[in-house]
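The residues making up each chain are set out below.
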Amino acid sequence: MKTSASLLFAAALAIAGAAHADAGHHHADSGAAIGQPGLMVDVTRTVKIEMGDNMRFTPANIQVKQGETVRFLVSNSGQLKHEMVIGSAAQLAEHAALMRKMPEMEHEDPNQVTVAPGQSDELVWQFDHAGTLDFACLEPGHYEAGMVGKIVAAPAKAGAN
Ligand SMILES: [Cu+2]
């Protein structure tokens, strides 16, 4: 029951976030400088990511372009709960350390999606700037086991339309 309640809460937050055009702009510290939570209406591309109990994201390396708003469709093929959290490497390491101290901590921020076994969910991110952004699963021990990935946003070509 706890799990389904928290998923519902996450869904409600996701809807609330999408309803307010500027919702993402209040979370300047929730992601790295190369982007921010995006809106479903702006989505230009969907990228599928699978999370497994082998503590890996597939694919773990993702290429996007500056200016794109990407919908990450994140599925959990394992028996354990997994999550995708977007941030800088430093933010993720700090967050992982916090999760080790407080493994029961539940939080639903616009830069993350938590997915129950056998389920899928989505995370929309707007890549404002070129650069590299990291993502990780911060379920206790998963980050340490190597459940991390990278998103590279290529610069938009000057003069291209
Ligand atoms: Cu995980």
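Residues numbered from 1 in each chain as written. Predicted model: local features only at pLDDT ≥ 70, side-chain atom pairs only at ≥ 80, totals over all residues.

### Description of unusual backbone geometry
Consideration 1: Put simply, Thr58 and Pro59 share a cis peptide bond, and its omega is -5°.
Consideration 2: With respect to the helices and strands, Pro59 occurs in the loop between β3 (56-58) and β4 (61-65). (Helix = DSSP H or I, 4+ residues; strand = E, 2+ residues; numbered from the N terminus.)

### Brief notes about the environment of Arg100
Consideration 1: You can see Arg100 is positioned in helix α2 (residues 89-101).
Consideration 2: On the neighbour-count criterion, Arg100 (12 C-beta atoms within 10 Å) is exposed.
Consideration 3: As for Arg100 and Leu138, which are separated by 38 residues in sequence, their C-alpha atoms are 9.0 Å apart. (Buried ≥ 20, exposed ≤ 12 C-beta atoms within 10 Å, placed from the backbone.)

### Quick look at the environment of Gly87
Consideration 1: Assignment of secondary structure puts Gly87 in strand β6 (residues 82-87).
Consideration 2: On the basis of neighbour counts, which here come to 22 C-beta atoms within 10 Å, the residue Gly87 falls in the buried class.
Consideration 3: In the structure, Gly87 is positioned 52 residues away from Gly35 in sequence and 9.4 Å away in space, judged by C-alpha atoms.

### Some thoughts on the sheet that holds strand β7 (residues 112-115)
Consideration 1: With mixed pairing, five strands are arranged side by side in an open sheet as β4-β10-β9-β6-β7. Of all the strands in the sheet, just β4 and β7 have a single pairing partner and so form its edges. When strand polarity is set aside, the average angle formed by the axes of neighbouring strands in this sheet is 20°.
Consideration 2: Here β6 pairs with strand β9 (residues 131-136) via three bridges, running antiparallel. Counted as the bridge partner of Ile86 is Phe135 from β9.
Consideration 3: Set on the sheet, α2 makes contact with β6 and β9; between it and β6 the angle comes to about 140°. (Pairing = 2+ DSSP bridges. Axes fitted to C-alpha atoms, helices over the stretch in contact; angles between N-to-C directions. Contact = placed C-beta atoms within 7 Å.)

### Focus: the pairing of strand β5 (residues 69-76)
Consideration 1: Note: strand β2 (residues 45-52) against β5, seven bridges, orientation parallel. Looking across to β5, one finds that Lys48 is bridged to Leu73.
Consideration 2: Sheet analysis places β5 next to strand β8 (residues 120-127), joined by seven bridges and oriented antiparallel. Note on β8: the bridge partner recorded for Phe72 is Leu123.

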